[in-house]
Amino acid sequence: MSTVRVASGERRVATWAPDSHAFPTRRYDLVREFVIALGVMLVLSLVAAIIFSSPDDPAISLQQWARQAPNDVVATAAGELAGTTTSAGYGPPYNTAGDGQALGPVNLQKLPGVTEPIDPANDFVIAPLRTLAAQPLMAAALRRWSAASSDQQTKWAQAYSDALAKAPEGDPAKVAAGDYGPVPVLAQGVLALASSGALEGLLTSRTSFFGVNSTKPLLLLADGSHLEDQARAQNLGGDQWGIMNETGNYPGQPWLWLYTFWYQVPPFSTSDNADVQVWALMILLSTGFICIPWIPGLRTLPKHLGVHRLIWRNYRR
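Sequence order as written defines the numbering, with residues in each chain counted from 1. Residue-level local features of this predicted model are given only where pLDDT is at least 70; pairs of side-chain atoms are given and counted only at 80 or more, and the full residue set underlies all totals for whole chains, interfaces and linings. Hydrogens and waters are ignored; side-chain quantities use all the structure's heavy atoms.

Visitor: Would you mind going over the layout of surface pockets with me for this structure?
Guide: If you roll a probe as big as a water molecule over the atoms, it shows you where there is empty space left. Of the volumes computed, that of the second largest pocket is approximately 160 Å³. A cavity, in this analysis, means grid points on a 1 Å lattice covering only the protein atoms where a 1.4 Å probe fits yet has no way out; a pocket is instead an open set bounded by protein on both sides within 12 Å along at least five of seven lines, and a residue lines either one if it has an atom within 4 Å of a point. Taken together, Gly 89, Tyr 90, Gly 100, Gln 101, Leu 108, Gln 109, Asp 275 and Val 276 make up the lining of the second largest pocket. Here the lining of the second largest pocket is composed, by residue class, of three nonpolar, four polar and one charged. Grid points are joined across faces, edges and corners, and a volume is the space filled by probe spheres set on the points. Classes in brief: Ala, Val, Leu, Ile, Met, Phe, Trp, Tyr, Cys and Pro nonpolar; Asp, Glu, Lys and Arg charged; the others, Gly included, polar.

Visitor: Looking at this model, I keep getting lost on the pattern of salt bridges. Mind explaining?
Guide: Two side chains that carry opposite charge are able to pair once their charged atoms sit near each other. Put simply, a salt bridge is a Lys or Arg side-chain nitrogen that is within 4 Å of an Asp or Glu carboxyl oxygen. Counted according to the given criterion, the structure contains three salt bridges. Here Asp 99 makes a salt bridge to Lys 110, at a shortest N to O gap of 3.4 Å. Taken together, the residues Asp 99 in the loop between helix H3 (70-82) and helix H4 (120-129) and Lys 110 in the loop between H3 and H4 connect sequence positions 11 residues apart. A 1.4 Å probe rolled over the protein chains alone gives each residue an accessible area, and that area as a share of the maximum for its type sets the label: buried under 20%, exposed over 50%, partly exposed in between. Take Asp 99: its relative accessible area is 52%, and that puts it in the exposed class. Owing to a relative accessible area of 42%, Lys 110 belongs among the partly exposed residues under this scheme. Across the pair Lys 216 and Asp 123 runs a salt bridge whose closest N-O atoms are separated by 3.9 Å. With a gap of 93 residues between them, Lys 216 in helix H9 (residues 215-223) and Asp 123 in helix H4 connect regions that are remote in the sequence. Its relative accessible area of 16% is what places Lys 216 among the buried residues. You can call Asp 123 buried: its relative accessible area is 16%. Put simply, DSSP marks the helices as runs of H or I at least four residues long and the strands as runs of E at least two long, and each gets a number from the N terminus on.

Visitor: What exactly am I supposed to notice about the nonpolar core here?
Guide: Side chains of nonpolar character tend, in soluble globular proteins, to be buried together. We call a set of buried Ala, Val, Leu, Ile, Met, Phe, Trp, Tyr and Cys residues a nonpolar core when their side-chain atoms join them within 4.5 Å. If you look at the biggest cluster of nonpolar residues, it comprises 44 residues, and the most contacted ones within it are Leu 81, Val 125, Leu 129, Tyr 160, Val 183, Leu 186 and Leu 199. At seven residues, the largest contribution of residues to this core is made by helix H7 (residues 183-196). The contact criterion used throughout is that any non-hydrogen atoms of two residues lie within 4.5 Å. Residues within four places of Leu 186 in sequence aside, it is in contact with Leu 81, Ile 126, Leu 129, Met 138, Ala 141, Leu 142 and Trp 145. Ranked by size, the runner-up nonpolar core spans five residues in total, among them Trp 262, Val 278, Leu 281 and Met 282.

Visitor: When you look at the packing of H3 against H7 in this model, what are you seeing that I'm missing?
Guide: Axes here mean lines fitted to C-alpha atoms, for a helix over just the part in contact, with angles spanning 0 to 180 degrees between N-to-C directions. Two elements in contact, H3 and H7, have axes whose closest approach is 8 Å; the angle formed by their N-to-C orientations is 125°. By the angle class used here, H3 and H7 are oblique. Like other packed secondary-structure pairs, H3 and H7 cross with a definite hand, here right-handed. Contact residues: Pro 70, Val 73, Val 74, Ala 77, Ala 78 and Leu 81 in H3; Val 183, Leu 186, Ala 187, Gln 188, Val 190 and Leu 191 in H7. Here the residues of the contact of H3 with H7 are counted per class, giving 11 nonpolar, one polar and no charged. Note on terminology: angles under 35 degrees are roughly parallel, angles over 145 are roughly antiparallel, angles of 65 to 115 are roughly perpendicular, and the others are oblique. Left-handed describes a crossing in which the near helix is turned anticlockwise from the far one by less than a right angle; the clockwise case is right-handed.

Visitor: I'm lost on helix H8 (residues 198-205) in this one. Help?
Guide: Quick reminder: α-helices carry 3.6 residues per turn. Residues three or four places apart thus point the same way. Residues of H8 that are buried: Leu 199, Leu 202, Leu 203 and Thr 204. Those residues of H8 that are buried are in contact with helix H2 (62-68), H4, H7 and H9.

Right, dumping it as structure tokens:
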């Protein structure tokens, strides 16, 4: 009992609280439980890491590409000169060769314009090869290429690309004779630069003082088939379900499972605008998740589901 004093006198107010000693008790060793839980979680983590761990693959360099798939490097160089690669027809932010992706009537890819201009034929092939101008054969090939008209350059490069596609295993040494101009020499020069490791440095060092912008090497690598082949071998293709956690860069990519899920279902799986459509959908879903406390019906869902009654069933009993 407790007493509450008021202006008109005294009023006795009954207050009651249960005595903690009236409840049954049992011994509980918190430290012991913590050590057991820690040990169990450690064992489970080690087992899961052994079974589900991601391969610790090093980054693919242009030098590695040249050594493992030299024919692909030559074919990609010819494609850059012909203007038939993905980079050549990508559109903004690299060039104006493509329309890009749109969300309804709004072309989001064109809105910022060309913010990082890239001319694949010149930036990926001709400009790096000028460092080999001291070699007579390369100097002659560069002069012949520069003196030709744009139509003639495209004709040479396209003819050589087609010949490589028809050659056994795409081997440049087995290409049928034809009028390819200086393209074979130029393509072999790109292979030589890549094999020596100089090409990657040339493509990065010219972007900034510190040479940390890897956009050009990555675009060149993606224009070939080697990068995609490596990705598909790990089930990481666009139409595959694989997700790889990048070692040493927590949390890596596992959180992208929901993002990549939408690429596997219609209409996204068959749409040319899948990237921007999936992006818009994820923005919508993320906004809805954040706004759950203010959405009528959803905010009271836990109350109607009654999960709390299941959790507190022993207490209620």
